[in-house]
Amino acid sequence: MNGTKKRITAEGLEAKAEMMLKEYLGGNFGMLQAVDMERMATEYFGLSVRYEPLSLQSVSVWKQTCLRFADDSVRLIPAGTILVDSSLRGEKQRGRRNLTIARECARQLLFWKEPNAEARAAQMLPAQSVVTPRQLRASCVVNEWEVNALASALLMPPTVLNTILSLFYADAPVCVYGRGRLSAADSRMLDTLAALLGVTRSALLLRLWQLHKIAVLPDHRICDAKGEKQGRRAV
């Protein structure tokens, strides 16, 4: 081994996510339902999820660490913990919470695939015994594109999105007009589908872009059933 990391392709990340989802969901893979990422983090990845007052949205704890939180309390957090800011609790934050936990699961997975990950990360931590979540996050260096791509593939696998487009769009792409506007009908539909998948609308749109399921049309083509020019920003 020369200690270099083999480059991960988009196709490789998609295949990895599909394999993990099939292992975890079994016969439910491909169904039109949200992946409960908090449950998957615990049951499949062997991680624990805790909600704490953070100065950032989330952080992965890759080694047992004394952390100083936003309320100035200090606690010893075991390795394999995903810390999520307390503001993401509650049903209204479901989409953001699922995305956040999916990213941290992906971050942990990709981190441990790095050559000499623990030794390199330890060198980036400050010498003091108590660190902040931001300092811990800075030590966990991974490719953020890979993190986001793997998280999106876990939450929105192509199989499910193809089924959605077949059922709700007759296999046609979603239309975006001009500089990112949606028709009023598509705006409502995508909000419904995002809620079904347990993600945000912006995350769903970005995923559709990645999978080439978006068609960009001139702004003047946007209209409602009455022919009135009408629409909303896509994100």
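The text that follows walks through the structure, step by step, so that each part is easy to find. (Residues numbered from 1 in each chain as written. Predicted model: local features only at pLDDT ≥ 70, side-chain atom pairs only at ≥ 80, totals over all residues. Heavy atoms only, no water.)

**Here's the deal with the nonpolar core**
Inside soluble globular proteins, nonpolar side chains tend to come together where they are buried.
Thinking step 1. One finds Met37, Ile101, Leu154, Leu190 and Leu204 to be the most contacted residues of the largest nonpolar core, which totals 66 residues.
Thinking step 2. Not counting the four nearest positions on each side in its chain, Leu204 is found in contact with Met156, Leu161, Leu190, Leu193, Ala194, Leu197 and Val199. (Core = buried A, V, L, I, M, F, W, Y, C linked by side-chain atoms within 4.5 Å. Buried < 20%, exposed > 50% of the residue type's maximum accessible area, 1.4 Å probe, protein only. Contact = heavy atoms within 4.5 Å.)

**A short note on the side chain of Thr65**
Thinking step 1. By the secondary structure assignment, Thr65 is in strand β3 (residues 65-68).
Thinking step 2. Here Lys63 takes part through its backbone oxygen, which lies 2.6 Å from a polar atom of the side chain of Thr65. (Helix = DSSP H or I, 4+ residues; strand = E, 2+ residues; numbered from the N terminus. Polar contact = N/O pair within 3.5 Å; in protein donor to acceptor, adjacent residues only side chain to side chain.)

**Some words on the layout of surface pockets**
Thinking step 1. In this structure, the largest pocket spans a volume of roughly 150 Å³.
Thinking step 2. In this structure, the largest pocket is lined by 13 residues; those nearest its centre are Lys92, Gly95, Ala195, Val199 and Thr200.
Thinking step 3. Elements with a minimum of two residues in the lining of the largest pocket: α3 (94-113) and α8 (184-197).
Thinking step 4. Here the residues of the lining of the largest pocket sort into three nonpolar, four polar and six charged. (1 Å grid on protein atoms, 1.4 Å probe; cavity = no way out; pocket = protein on both sides within 12 Å on 5 of 7 lines; lining within 4 Å. Points joined across faces, edges and corners; volume = space filled by probe spheres on them. Nonpolar A, V, L, I, M, F, W, Y, C, P; charged D, E, K, R; others polar.)

**Quick notes on the sheet that holds strand β6 (residues 130-131)**
Thinking step 1. In spatial order, the strands read β4-β3-β6; together these three strands make up an open sheet with mixed pairing. If you trace the sheet from one side to the other, it starts and ends with β4 (74-77) and β6, each paired once.
Thinking step 2. Alignment of β3 against β6, held across two bridges, turns out to be parallel. Its bridge partner lying in β6, Leu67 is registered against Val131. (Pairing = 2+ DSSP bridges.)

**Quick notes on the pairing of strand β2 (residues 58-61)**
Thinking step 1. Every second residue of β2 is oriented toward a common face, with Ser58 and Ser60 on one face and Val59 and Val61 on the other, all of them buried.
Thinking step 2. Relative to strand β5 (residues 81-85), β2 runs antiparallel, the two sharing four bridges. Across the sheet, residue Ser58 finds its bridge partner in β5, namely Val84.

**Regarding the state of the cysteines**
Thinking step 1. Counted by the stated rule, this structure contains zero disulfides.
Thinking step 2. Cys140 takes part in no disulfide bond, and the closest cysteine sulfur, belonging to Cys105, lies 12 Å away. (Disulfide = S-S within 2.5 Å.)

**Here's the deal with the sheet that holds β2**
Thinking step 1. Strand order in the open sheet formed by three strands is β1-β5-β2, with mixed pairing between adjacent strands. For this open sheet the edge positions go to β1 (48-52) and β2, each flanked by a neighbour on one side alone. Taken over all neighbouring pairs, the strand axes of this sheet differ in orientation by 20 degrees on average, direction set aside.
Thinking step 2. Packed on one face of the sheet, α3 meets β1, β2 and β5 and runs near 30 degrees to β2. (Axes fitted to C-alpha atoms, helices over the stretch in contact; angles between N-to-C directions.)

**Looking at the side chain of Ser152**
Thinking step 1. Residue placement: Ser152 occurs in helix α6 (residues 144-155).
Thinking step 2. For Ser152, the residues in contact, after removing those within four places along its chain, are Pro157, Arg207 and Gln210.

**As for empty space enclosed by the protein**
Thinking step 1. Counted by the stated rule, this structure contains three cavities of 30 Å³ or more.
Thinking step 2. In this structure, the largest cavity spans a volume of roughly 90 Å³.
Thinking step 3. Leu25, Met31, Gln33, Val35 and Val160 are the residues nearest the centre of the largest cavity, which is lined by 13 residues in total.
Thinking step 4. Its residues placed into classes, the lining of the largest cavity shows ten nonpolar, three polar and no charged.

**Structural notes on the packing of helix α1 (residues 10-25) against α6**
Thinking step 1. Contact geometry of α1 with α6 gives a least axis separation of 9 Å together with a crossing angle of 40 degrees. Classified by the interaxial angle, the pair formed by α1 and α6 is oblique. Both α1 and α6 take part in a crossing whose hand is right-handed. Contact residues: α1 offers Ala10, Leu13, Glu14, Ala17, Met20 and Leu21, while α6 offers Trp145, Glu146, Ala149, Leu150, Ala153 and Leu154.
Thinking step 2. Taken together, the residues that form the contact of α1 with α6 break down as ten nonpolar, no polar and two charged. (Parallel < 35°, antiparallel > 145°, perpendicular 65-115°, else oblique. Left-handed = near helix turned anticlockwise from the far one by under 90°.)

**Here's the deal with the environment of Trp145**
Thinking step 1. With respect to the helices and strands, Trp145 occurs in helix α6.
Thinking step 2. Residue Trp145 is classed as partly exposed on the basis of its relative accessible area, which comes to 46%.
Thinking step 3. Between the C-alpha atoms of Trp145 and Ala185, which are 40 residues apart in sequence, the distance is 31 Å.
Thinking step 4. In this structure Trp145 touches Ile8, Thr9, Ala10 and Leu13, once residues within four positions along its chain are discounted.

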